[in-house]
Amino acid sequence: SGGDLNEFVEVVLLDGVDPSMVTLTLYNGSNGVAYGSHNIGADFTPGETGTGWAIYSSLISGIQNGNPDGMSLDIGGSIAVFLSYEGSFVATDGPAAGMTSTDVGVEELGVSELSSIGLTGTGGLAGDFTWTLLVDLATPGNANDGQVISP
């Protein structure tokens, strides 16, 4: 609630994935238009690492929080994931053009700016984890509370 503060995005890359080949694209869900693009290698900061993986994070001011909005992640132009929050939508341009987003099913309602939406669970594939609301547990650049990454 209130103003948007401490907005950030984290990406976990497995060893062998060149961060300079990975792009995050932000989408406005009301019209499906991309409104921002960020290269992981150039615009994100390396954080915590483990055997076979590394977390990259970036503070990104102005991430839209409408109903819905979302982001895609592509590796060398191929979409790895197209996620949204507060509903799904179809991208009308950008790398995910024509694709329907997958709603994470979690919203940040009535929580502090120290909270975030994130993944918890154990594993090495996206499907091993569950989207959840991390209340007062935002940790840019570090594994989430309740998250064990093991590719």
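These notes cover the structure that comes with them. These figures come from a predicted structure and were not determined experimentally. (Residues numbered from 1 in each chain as written. Predicted model: local features only at pLDDT ≥ 70, side-chain atom pairs only at ≥ 80, totals over all residues. Heavy atoms only, no water.)

## Examining the overall build of the chain
Argument step 1. On a plain count of helices and strands, the chain comes out with one helix and eleven strands.
Argument step 2. Along the chain, from the amino end to the carboxyl end, the secondary structure elements read β-β-β-α-β-β-β-β-β-β-β-β.
Argument step 3. Its C-alpha atoms give the chain a radius of gyration of 15 Å, within 12% of the compact-globule value 15 Å for 151 residues.
Argument step 4. Across the 151 residues that make up the chain, the buried fraction comes to 40%.
Argument step 5. When the accessible surface of the chain is summed, it comes to about 7500 Å², and 52% of that surface belongs to carbon and sulfur atoms. (Helix = DSSP H or I, 4+ residues; strand = E, 2+ residues; numbered from the N terminus. Rg over C-alpha atoms; globule rule 2.2 N^0.38 Å. Buried < 20%, exposed > 50% of the residue type's maximum accessible area, 1.4 Å probe, protein only. Areas by Shrake-Rupley, 256 points an atom, 1.4 Å probe, with all protein chains shown as cover.)

## As for the sheet that holds strand E9 (residues 116-123)
Argument step 1. Strands sit in the order E10-E9-E11 across an open sheet of three strands; the sheet is mixed. Edge strands, defined here as strands with exactly one partner in the open sheet, are strand E10 (129-134) and strand E11 (147-149). In this sheet, adjacent strand axes meet at a mean angle of 45° when their direction is disregarded. (Pairing = 2+ DSSP bridges. Axes fitted to C-alpha atoms, helices over the stretch in contact; angles between N-to-C directions.)

## Concerning the nonpolar core
Within soluble globular proteins, side chains that are nonpolar tend to cluster in buried spots.
Argument step 1. By size, the foremost hydrophobic cluster in this structure holds 18 residues, and its most contacted members are Val-9, Val-11, Leu-24, Ile-40, Phe-44 and Ile-60.
Argument step 2. For this core, the secondary structure elements donating two or more residues are strand E1 (8-14), strand E2 (22-28), strand E5 (53-59), strand E6 (69-75) and strand E7 (78-85).
Argument step 3. Setting aside residues up to four positions removed in sequence, Val-11 forms contacts with Ile-40, Phe-44, Ala-54, Ile-55, Tyr-56 and Leu-73.
Argument step 4. Among the nonpolar cores identified, the runner-up in size contains six residues, and Trp-53, Phe-129, Ala-143 and Ile-149 belong to it. (Core = buried A, V, L, I, M, F, W, Y, C linked by side-chain atoms within 4.5 Å. Contact = heavy atoms within 4.5 Å.)

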